[in-house]
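Chain and residue survey
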There are 2 protein chains.
Amino acid sequence: MSESVTVEFDEDGLVPAVAQSAADGTVLMLAYVNEEALERTRETGEAHYYSRSREELWHKGGSSGHTQSVEEIRVDCDADTLLYVVEQEGGACHTGFESCFHRTLDGEEVGERVFDPEEVYGDG
Amino acid sequence: MSESVTVEFDEDGLVPAVAQSAADGTVLMLAYVNEEALERTRETGEAHYYSRSREELWHKGGSSGHTQSVEEIRVDCDADTLLYVVEQEGGACHTGFESCFHRTLDGEEVGERVFDPEEVYGDG
């Protein structure tokens, strides 16, 4: 029988979590997770993070509808990084792209735009 | 023409970098990168990181031979996380697995072991 892994949260109580598409392996985003966010993710099956800018629990897609249904949570060898394998509703990126990693470092667009952010987040 | 993206290093001069296999999309590892590591990566085409534990530039695979040939460097929407798309020699994980994310949070092994760490790192 396998034993549950103890996650090594850092001094701020956080670990980075990478979200990857279960469908095609695309790396969608990286955000941070605290103990509460991880618990809520396991309880609900939907990805939760901790927003460092808003300093609060963040249910991804809670307002946009672009939720992430978590198929599996993996942990790395040091237990200080998580991998959420997810089914992504809509797109992960607030800019309308499937992935937040939609540009190369040289600024070339390589990602796929999957929704119009104005329609999802805009006032109009 | 596209413009180069300015990376937003944190107060410690670091950003997290996710390494993903160009061959099959596997998320291999997460490590940290400072400006020097990023420059060395771009100059050499092989993944460099900053080792927070050893507090030094880290040429991945420099001793084990398990280098990462970088095909593309992507940056996320906030420019505070990198994605190295790589061809991995051997395995990314020092435990002998292809990926450092070889376990679920429940401790189930889901990864593929690709080398014997004793042979690569051991004394024998």
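Note that residues are indexed from 1 along each chain, following the sequence as it is written. Chain labels run from A onward and ligand labels from 1 onward, assigned in the order the entries are written. The predicted origin of the model limits local features to residues at a pLDDT of at least 70 and limits the giving and counting of side-chain atom pairs to 80 or more, whereas totals for whole chains, interfaces and linings rest on all residues. Just so you know, side-chain values use all the structure's heavy atoms and leave hydrogens and water out.

A few points about the packing of aromatic side chains
Test applied: Centres within 6.5 Å are what make two rings of Phe, Tyr or Trp a pair, Trp counting through its six-membered ring; a difference in plane orientation under 30 degrees is then read as stacked, over 60 as edge-to-face, and the rest as tilted. The cut-offs for exposure are 20% and 50% of the maximum accessible area for each residue type, with area from a 1.4 Å probe on protein chains only; residues under the lower value are buried, those over the upper are exposed, and the others partly exposed.
With the rule as written, the count across this model stands at 6 aromatic pairs over all chains. On the numbers, 6.3 Å between centres and 55° between planes, the contact of F115 of chain A with Y121 of chain A is tilted. In this structure F115 of chain A comes out as buried when scored by relative accessible area, which is 10%. Overall, Y121 of chain A belongs to the partly exposed group, its relative accessible area being 38%. Ring plane angle 45° and centroid distance 5.3 Å describe the contact between Y49 of chain B and W58 of chain B, whose orientation is recorded as tilted. For Y49 of chain B, a relative accessible area of 0% corresponds to the buried category. For W58 of chain B, a relative accessible area of 25% puts it in the partly exposed group. Cluster of aromatic residues (ring-pair linked, three or more members): Y49, W58 and Y84 of chain A.

Things to note about the UniProt feature "binding site: Mg(2+)" (unreviewed entry) in chain A
The criterion, for reference: UniProt positions are given in the numbering used here, feature names are shortened, and annotations may be inferred rather than shown by experiment. Put simply, the grid is 1 Å and covers the protein atoms alone, a cavity is a trapped set of points that fit a 1.4 Å probe, a pocket is an open set with protein on both sides within 12 Å along at least five of seven lines, and lining residues have an atom within 4 Å of a point. Throughout, a contact is declared for two residues whenever any of their heavy atoms are within 4.5 Å.
Per the UniProt annotation, the sites labelled "binding site: Mg(2+)" (unreviewed entry) are D76, D78 and D80 of chain A. Residues from the annotated list that form part of the lining of the largest pocket: D76, D78 and D80 of chain A. Here D76 of chain A falls in the buried class, since its relative accessible area comes to 3%. With residues near it in sequence (within four places) discarded, D76 of chain A still touches T81 of chain A together with C100, F101 and R103 of chain B.

Remarks on the interface of chain A and chain B
Put simply, the rule is: Note: buried area is the sum, over both parts, of the accessible area (probe 1.4 Å) each one loses when the two are combined. Think of a salt bridge as a Lys or Arg side-chain nitrogen and an Asp or Glu carboxyl oxygen that are within 4 Å of each other. Counting of polar contacts relies on pairs of N or O atoms within 3.5 Å, with two restrictions inside protein: one atom must be capable of donating a hydrogen and the other of accepting it, and residues adjacent in sequence are counted only when both atoms are side-chain atoms. Elements are defined by DSSP. Helices are runs of H or I of four residues or more, strands are runs of E of two residues or more, and each kind is numbered from the N terminus.
At the junction of the two partners, chain A supplies 40 residues and chain B supplies 39 residues. Between chain A and chain B, a total of about 3,200 Å² is buried, with carbon and sulfur atoms accounting for 60% of that surface. Considering only the surface of chain A that becomes buried against chain B, F101, R103 and L105 of chain A emerge as the three largest contributors, covering 25% of it. One can count 2 salt bridges joining chain A with chain B. Between R42 of chain B and D106 of chain A there is a salt bridge, with its nearest N and O atoms 2.6 Å apart. Counting across the chain A and chain B interface gives 16 residue pairs in polar contact (both at pLDDT 80 or more). Elements supplying a minimum of two residues to the side of chain A that touches chain B: β1 (15–21), β2 (27–33), α1 (35–44), β5 (68–75), β6 (82–88) and β7 (103–104) of chain A. Ranked by residues supplied to the side of chain A that touches chain B, first place goes to β5 of chain A with 4 residues.

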